[in-house]
Amino acid sequence: MAGIDISRRRIMLGASSAIGSTISAGLIGLGGAALAKAPKMTSQPATYYRFDIGEMQATVISDGPLPLGEPSGSFKGVTKEDVQKQLSDNFLNPENVVLEQNILILNTGSRLVLFDSGMGTSKLFGPSTGRLQTSMQQAGIEKDDIDDIICTHAHIDHIGGLATDTGYRLFRNATVHIAKADFDFWTDAAKLDSDLTAFVAHARQNLLPYKSRMKFVEDGKDVVPGVEAMAAPGHTVGHMVYIIKSGKESLAFTGDTTHHHVLLTERPKTEFAYDSDPKLAVQSRLKVLDMVATARMPILAYHFPWPGLGYMAKQGDGYRYIAQPMSLVKAPPKKA
Ligand SMILES: [Zn+2]
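Participant: I'd like a rundown of the layout of surface pockets, residues and numbers included.
Facilitator: By volume, the largest pocket is sized at about 620 Å³. If you list the elements that add at least two residues to the lining of the largest pocket, you get strand 1 (48–53), strand 14 (249–255) and strand 17 (309–315). With five residues, the top contributor of residues to the lining of the largest pocket is strand 1. Residue composition of the lining of the largest pocket, grouped by class: 13 nonpolar, four polar and five charged. Of the pockets and cavities examined, the second largest pocket occupies roughly 370 Å³. Considering the residues around the second largest pocket, the lining is formed by 16 residues, among which Gln-44, Gly-64, Pro-65, Glu-100 and Arg-131 are closest to the centre. Partitioning the lining of the second largest pocket into residue classes produces six nonpolar, eight polar and two charged.

Participant: Can you explain the nonpolar core? Please cite residues and give values.
Facilitator: Of all hydrophobic cores here, the largest spans 65 residues; its most connected members are Phe-115, Ile-146, Ile-149, Phe-171, Leu-207 and Tyr-242. Among all residues touching Phe-171, those that are not within four sequence positions of it are Leu-114, Leu-132, Gln-133, Met-136, Lys-143, Ile-146, Ile-149, Gly-161, Leu-162 and Tyr-210. Of all hydrophobic cores here, the second largest spans 16 residues; its members include Met-230, Ile-243, Ala-252 and Phe-304.

Participant: Describe the packing of aromatic side chains, with residues and values.
Facilitator: Going through the model one piece at a time under the given rule, you end up with eleven aromatic pairs. With 6.0 Å between their ring centres and 45° between their planes, Trp-186 and Phe-199 make a pair best called tilted. Taken as a pair, Trp-186 in helix 6 (residues 180–186) and Phe-199 in helix 7 (residues 197–207) lie far apart in primary sequence, 13 residues in all. There is no split in this pair, since Trp-186 and Phe-199 are both buried. Considering the side-chain rings of Phe-199 and Tyr-274, the 6.5 Å spacing of their centres and the 15° angle between planes classify their relative orientation as stacked. Residue Phe-199 is found in helix 7, and its partner Tyr-274 is found in the loop between strand 15 (271–272) and helix 9 (278–295); the two are separated by 75 residues along the sequence. When its relative accessible area of 12% is taken as the criterion, Phe-199 is described as buried. Residue classification places Tyr-274 among the partly exposed residues on the basis of a relative accessible area of 33%.

Participant: How would you summarise the coordination of the zinc ion if you had to cite specific residues and measurements?
Facilitator: For the zinc ion, the protein coordination sphere consists of Asp-157 (OD), His-158 (NE2), Asp-256 (OD) and His-303 (NE2), at 2.1 to 2.2 Å. Going along the chain, you hit the donors of the zinc ion in the pattern D-H-x97-D-x46-H. Across the pair, His-158 and Asp-157 agree in class, each one buried.

Participant: Which residues make up helix 7, and what values do they have?
Facilitator: Of all the residues in helix 7, the buried ones are Phe-199, Val-200, His-202, Ala-203, Asn-206 and Leu-207. The buried residues of helix 7 all sit within an arc of 165° when viewed along its axis, so they share a single face. Tucked inside the fold, the buried residues of helix 7 contact helix 5 (156–159), strand 9 (175–178), helix 6 and strand 10 (214–216).

Participant: How would you summarise the pairing of strand 14 if you had to cite specific residues and measurements?
Facilitator: Of all seven residues that make up strand 14, five are buried, and the element is covered over most of its length. In this structure, strand 13 (residues 240–246) lies alongside strand 14, joined through five bridges in antiparallel fashion. Bridge assignment links Ser-246 to a residue of strand 14, and that residue is Glu-249. Linking strand 13 back to strand 14 in an antiparallel pair, the connection comprises two residues, with Gly-247 at a positive phi of about 60°.

Conventions adopted
- Residues numbered from 1 in each chain as written.
- Predicted model: local features only at pLDDT ≥ 70, side-chain atom pairs only at ≥ 80, totals over all residues.
- Heavy atoms only, no water.
- 1 Å grid on protein atoms, 1.4 Å probe; cavity = no way out; pocket = protein on both sides within 12 Å on 5 of 7 lines; lining within 4 Å.
- Points joined across faces, edges and corners; volume = space filled by probe spheres on them.
- Helix = DSSP H or I, 4+ residues; strand = E, 2+ residues; numbered from the N terminus.
- Nonpolar A, V, L, I, M, F, W, Y, C, P; charged D, E, K, R; others polar.
- Core = buried A, V, L, I, M, F, W, Y, C linked by side-chain atoms within 4.5 Å.
- Buried < 20%, exposed > 50% of the residue type's maximum accessible area, 1.4 Å probe, protein only.
- Contact = heavy atoms within 4.5 Å.
- Phe/Tyr/Trp six-rings, centres within 6.5 Å; stacked < 30°, edge-to-face > 60°.
- Donors = N, O, S within 2.8 Å, 3.2 Å for Na, K, Ca; no water.
- Arc of directions from axis to C-beta.
- Pairing = 2+ DSSP bridges.

Keep in mind these values describe shape, not function.
Following this line, the structure appears as structure tokens:
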């Protein structure tokens, strides 16, 4: 028996040393390529995601991520420890909350509509924003072909990409649609000398060039055929959600109803520092989240993880965001 054990051991040793030499030979064969230092990823190329809503075609593009930094100053009514635990439990960095900027371009069949426009040239939130024009080129969409620009509200990260630094319209043929309350509030020159200076200056730079081609949206009314405005105030005075309908399909473009897919959904009553009226924002958030959860309506959330397309499900006292699987073909394939 001992002999058998020895021979087994030899076989095993022999086998492992053979594998060992193969690995060594392979590494030597690959030479410098395998041993070279891997380059560090700095940025993904601009990209887009396309899908249908009934007879309409939707394209999501990105203006780039918008880092908020350490979160305790941005989310109110919860302790710093609670916020950090929520982030850690979801495998997110507890020291830096990063929001995306998911911009929708909708081809209704008769009009090409841009929903919100990112930060433009402002680097208020760092260098990673301002990719709208590059992303549009990547998606094969010409800015001169945009007929309408529908804005959820007049904050810097939603209207910032509309005009040049020198105040010229980047979208020469477009009509801008926004709530009058928001336009009036954020382009008010009297607020230039306040703690809202950067936001007001940027709103004036980007919205005033469109003043002669601007239409004000109203709650419950169609903005363009197939797109209905729904007032969801609080984040700003005139913040709007847009419900897109075509055939039997629909999508809610929810803007800044909720900024974070965990922090403001699991605990939707958490207040957000950038809300003009945080209590009213919470009411609007609860109303919109309840509506889309009950109707099982897909949402496109501006600041959720790219591309921001998914569903809200009721969970306890709050909600859970469930991202829709991205599909590389028109409809998910069936087994042949
Ligand atoms: Zn925003």
